[in-house]
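Structure assessment
The primary structure of each chain is shown beneath.
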Amino acid sequence: MKDHSVDHTINLEHEQEQEQDSLHRILVPDVRDLPLTPPSAIESNFVSYFAPDFTKPGHDQYVYRHANGLCVIGLARTHVAFKDTSGITAVDFNVGKSDRSGIKVTGKRKKNAQHFESNSALCKVNTDDASYIVRCCVKGSLLEVNDRLIKQPGLLNSLIEKDTLLLSCQNQQIGSKSRGRYWALKSIRN
Amino acid sequence: MANANTNNTEAEHVSIDSEAAHVISAVEECHDDDDVGALHDVVQGLPSHAVKDLLSVGVCTRCILRLFGIRGNIYSISAISPSILNSVIGEQRHGEDISSNSKESEFEEVLCALCLGILQFTYCDDKEIPVKKESANDMAVAISELVKREGYQIDSFSLEVSVPPIILENEHSVRLYMKRKYGTEPWFQGGPFSQSISAKDALKFSLAKPLETLLDCKSGISNFRIGLTFSHKASKVVQSVAVSKQGCKRIKTGNSIDSLDDSVAGDIKCSDLADATVERSFDGLQDNESSECFKFPLQKVNDACHLVLLCQRTPIYFGGRYLKYSRNVSQTRWIIDDERMGEASVEEIIGSNIQPLCQGDNYKFHAAGREDIDVRMLGSGRPFLVEVQNAHRIPSEAFVREIETNINNLENKLVGVKNLKVVGIEGWTMMREGEAEKQYAALVWISRPLEDVDLDSISSLKDMQILQGTPIRVLHRRSPLQREKIIHWMKIERIGGSSQYFLLHLCTQAGTYIKEFVHGDLGRTHPSIGSILGCRAEILQLDVTDVKMDCFLTE
């Protein structure tokens, strides 16, 4: 007597195997289609702006703008602060009237976000010899700062993109009047 | 007291004639005779002087029957008319032809002061034309014709009736009056009046059986509702009489009855809830209310109620799992500035194939979670529900399988559907059941060659906790929060021919942002693949390979 339940189980397993195989075939890409070096997440999702000599010579900063209006602001690699042999030794967010690292923004409506002009001071970076003020570059509401830099200012020296000074700033104005007025905005794209 | 026997025969004769005079009766005669017999028995049992009193005040026959708490199918008998009651109260018609007389009395000219003509099947239709149906059956015919005209395919129905609040007010007045006048009499002690049937229920009793015959299905709990909403044009006051220290207190909860300004009053359509409120306020009434608190005798009305007939099916649900093969299809319709994002949407592809076959008014798409437009949904698929509103037809099982095949055979093969079937309300609870783990396959690139030790270091991490700040790409519309998520397991699969690309398979807690876990989102997600492997990591493609939920699985 044939055991139908065994047959049935075998059939089911076979079916599942087939499904897995066909799934796997869709998942694996054709290597020939893959670029040697793919674009980075920044390149794919942001428009990069370079602000050279912002308010002062040598103060080179970048702004990455996302399609949703948010901007990431940081020190460009050519910033004069990196020319000091000691590198950056401290980052202080307590500038102007308030400590930028202490602001707590909450909720979808981003309550408590402080409004900044393009020349508002965001923070101070210190080297052994000097101190440089980092400014906002764009008009908008400050949502968050990279407070890891307080404990680990050395991260900036590594020049790995993810650890450059980063402040997220919600901004609706970039690309409009701020563009021509203040500084030469250059879009850096491959 | 009248000679019951003689009048019985007369009345019977009258009723058979009236049956012949009215057309379109689907009820068999012998059946009808039984009911008529029952009707006579019932009528005999009523106290004649009370009945006469009520008739003189302008209360119609059915209202009298229901005030005395009579239940059942006798309300649908066309033979109900004052002449039946006449047999009880002993009034004789002199010299006139009985049949023509019965015809006259069938067409009661005067609207019942209590039910405003509702139980006399008299109303104004939506074109403001007065309609007088001669019997419950005729009214049932009008209703069934509407159902058929609108093309509903049904296997049951439920009747819902809504009446103007003044009817409850009238009823209360009548009951109080009767209590005062006949409260001491023996038949009243039994409390027939306390078991009065509401006008709504009486109308349902009248219409249920004829409708069952005409629509060829049972009445009861059903997803198909026939709603009869009666309203009265003149302004209505719902006077809830509450007990107070002084005695009778009047609280106006509507417009003044004196102002017949249509624009102010409009149609006050009360829902069942309003009825309950009115009834409750009447329950709290004391006996020693002064007579100013209710109007008696009842005000005569000249206009019939306005009737709105509405057929509606409660929403039906289609459950299943969908697959998304395209990286250019969003889950739901996505339009920014009049421009559609993506080529199509899962919602529209599935919904547009289901709704027309049900002849529904519109549809709603619900899914258990979502994926980005550029992420494919593969494997077992994602559970979803399509809610169709006011479906005129409910497709059979075979038809549903056909819908599934149609979607899967669409030329552009953007979306697939599995295990599609009609589900009840339990579909909702199945979808809502907790947050499921998800399994993914990501195409990852790293900035240095992959090494064997990397495969081990990744596989060895089990139930690893990560901290994700709200990704920048969604930060504009979500709260800035730090979210703790768990990566249950990971596995690297090498890709032949490449040293820096590989497939990362992983299983994570619901709500984990996979893309940000790979590239680190500028350090805002840690640990990340980049931080674990000590290099830069980028994600090129993402696919969902499993949504671990129990619902709508292949049986």
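Above this text is the structure in question.
Structural notes, computed from the coordinates. Here the structure is a predicted model, which is why all the values come from computation and not from measurement.

With respect to the sheet that holds strand β4 (residues 90–92) of chain A
Residues and elements named next belong to chain A.
- The strand order β4-β8-β9 describes an open sheet built from 3 strands, whose pairing is antiparallel. Because the sheet does not close on itself, it has two edges, and the strands there are β4 and β9 (131–135). Within the sheet, the average angular offset between the axes of one strand and its neighbour, ignoring direction, is 25°.

Details of the pattern of salt bridges
Residues and elements named next belong to chain B.
- Inspection of every chain in the model, using the stated rule, returns 22 salt bridges over all chains.
- Measuring nitrogen to oxygen at the nearest pair gives 3.2 Å for the salt bridge that ties Asp546 to Lys548.
- Overall, the relative accessible area of 35% leaves Lys548 in the partly exposed class.
- One salt-bridge network, in which partners are shared between bridges, spans Asp372, Asp374, Arg473, Lys515 and Glu516.

Observations concerning the packing of aromatic side chains
All names here are of chain A.
- Tallied over the entire structure, the rule returns 7 aromatic pairs over all chains.
- The interplanar angle of 50° and the centroid separation of 6.3 Å between the aromatic rings of Phe46 and Tyr64 together place this pair among those described as tilted. One end of the pair, Phe46, is in strand β1 (residues 46–51); the other, Tyr64, is in strand β2 (residues 61–66), with 18 residues separating them in the sequence. Across the pair, Tyr64 and Phe46 agree in class, each one buried.

A word on the interface of chain B and chain A
- Taken together, the contact between chain B and chain A spans 33 residues of the former and 35 residues of the latter.
- Of the roughly 2700 Å² buried where chain B meets chain A, counting both sides, 66% is carbon and sulfur surface.
- Contact with chain A buries surface across chain B, with Ile472, His476 and Leu522 of chain B losing the most and accounting together for 22% of the total.
- The tally of links between chain B and chain A comes to 1 salt bridge.
- Between Arg524 of chain B and Glu144 of chain A there is a salt bridge, and its shortest N-O distance comes to 2.6 Å.
- Counting every contact that joins chain B to chain A gives 10 residue pairs in polar contact (both at pLDDT 80 or more).
- Elements supplying a minimum of two residues to the side of chain B that touches chain A: β15 (376–389), β17 (438–446), β20 (501–508) and β22 (537–547) of chain B.
- Among the elements that take part in the side of chain B that touches chain A, β22 of chain B stands out by supplying 4 residues, more than any other.

Re the side chain of Ser98 of chain A
Residue and element names in this part refer to chain A.
- On the secondary structure map, Ser98 appears in strand β6 (residues 98–99).
- At a separation of 2.7 Å, a polar atom in the side chain of Ser98 contacts the side chain of Arg100.
- Every residue in contact with Ser98, bar those within four places of it in the chain, is listed here: Phe93 and Gln114.

Digging into unusual backbone geometry
Residues and elements named next belong to chain B.
- Cis peptide bonds are those with omega within 30 degrees of zero, and the linkage from His526 to Pro527 qualifies with -5°.
- Mapped onto the elements of the fold, Pro527 is located in the loop between β21 (525–526) and α18 (529–533).
- One non-glycine residue, Phe552, adopts positive backbone phi at about 55°.
- We classify Phe552 as buried; its relative accessible area is 6%.

Things to note about helix α10 (residues 199–215) of chain B
All names here are of chain B.
- With 17 residues, α10 extends 23 Å between its outermost C-alpha atoms, agreeing within 8% with the 24 Å of an ideal straight helix rising 1.5 Å per residue.
- The largest bend along α10 reaches roughly 30° and is located at Ala208, with the proline Pro210 sitting one to four residues downstream.
- Three or more residues of α10 are buried, namely Ala199, Lys200, Ala202, Leu203, Ser206, Leu207, Ala208, Pro210, Leu211, Glu212 and Leu215.
- Of the residues one or two after α10, Asp216 is the one with positive phi, at around 60°.

Describing the environment of Ile167 of chain B
All names here are of chain B.
- The residue Ile167 is located in helix α8 (residues 165–182) in this model.
- Residues Ile167 and Ile487, 320 residues apart in the sequence, show an inter-C-alpha distance of 65 Å.
- Contacts of Ile167, omitting those with residues within four sequence positions, involve Arg66, Leu114, Cys115, Leu116, Ile118 and Ala199.

Observations concerning the sheet that holds strand β1 (residues 122–124) of chain B
Residue and element names in this part refer to chain B.
- One open sheet accounts for 6 strands, arranged β2-β1-β8-β5-β3-β4; its pairing is mixed. The sheet is open, and its two borders are formed by β2 (130–132) and β4 (218–219), each paired with just one other strand.
- As judged from the 5 bridges shared by strand β3 (residues 156–162) and strand β5 (residues 224–231), these two strands associate in the parallel manner. The partner of Leu159 across the bridge, within β5, is Ile226.
- Against the sheet, helix α7 (residues 136–149) engages β1, β5 and β8 (305–313), with an angle of about 125° to β5.
- Packing of α10 onto the sheet brings it into contact with β3, β4 and β5, and relative to β3 it is tilted by some 155°.

Digging into a positive patch on the surface
- A contiguous patch of positive charge, built from Lys108 and Arg109 of chain A together with Arg370 and Arg477 of chain B, is present on the exposed surface.
- Within the element layout of this structure, Arg109 of chain A appears in the loop between β6 and β7 (114–116).
- When its relative accessible area of 79% is taken as the criterion, Arg109 of chain A is described as exposed.

Some details on helix α13 (residues 346–358) of chain B
Residue and element names in this part refer to chain B.
- In this model, α13 (13 residues) spans 19 Å end to end at C-alpha, consistent with the 18 Å of a helix rising 1.5 Å per residue.
- Of all bends in α13, the biggest is about 25°, found at Ser352, and the proline Pro356 comes one to four residues later.
- Here α13 lies mainly inside the structure; 10 of its 13 residues are buried.
- Of the positions making up α13, those classed as buried are Val346, Glu347, Glu348, Ile349, Ile350, Gly351, Asn353, Ile354, Gln355 and Cys358.
- Taken from the residues just after α13, Gln359 is the one with a positive phi, measuring 50°.

The rules behind each value
Residues numbered from 1 in each chain as written. Chains lettered and ligands numbered in written order. Predicted model: local features only at pLDDT ≥ 70, side-chain atom pairs only at ≥ 80, totals over all residues. Heavy atoms only, no water. Pairing = 2+ DSSP bridges. Helix = DSSP H or I, 4+ residues; strand = E, 2+ residues; numbered from the N terminus. Axes fitted to C-alpha atoms, helices over the stretch in contact; angles between N-to-C directions. Salt bridge = Lys/Arg side-chain N within 4 Å of Asp/Glu carboxyl O. Buried < 20%, exposed > 50% of the residue type's maximum accessible area, 1.4 Å probe, protein only. Phe/Tyr/Trp six-rings, centres within 6.5 Å; stacked < 30°, edge-to-face > 60°. Contact = heavy atoms within 4.5 Å. Buried area = accessible area lost by both parts, 1.4 Å probe. Polar contact = N/O pair within 3.5 Å; in protein donor to acceptor, adjacent residues only side chain to side chain. Expected span 1.5 Å × (residues − 1). Bend = angle between axes of the 7 residues up to and from the residue. Patch = residues over 30% accessible without salt bridge, like charges linked within 9 Å, V, L, I, M, F, W, Y side chains within 5 Å. Areas by Shrake-Rupley, 256 points an atom, 1.4 Å probe, with all protein chains shown as cover. Lys, Arg positive; Asp, Glu negative; His and termini not counted. Charge placed at Lys NZ, Arg CZ, Asp CG, Glu CD.

All we've got here are geometric facts, nothing functional implied.
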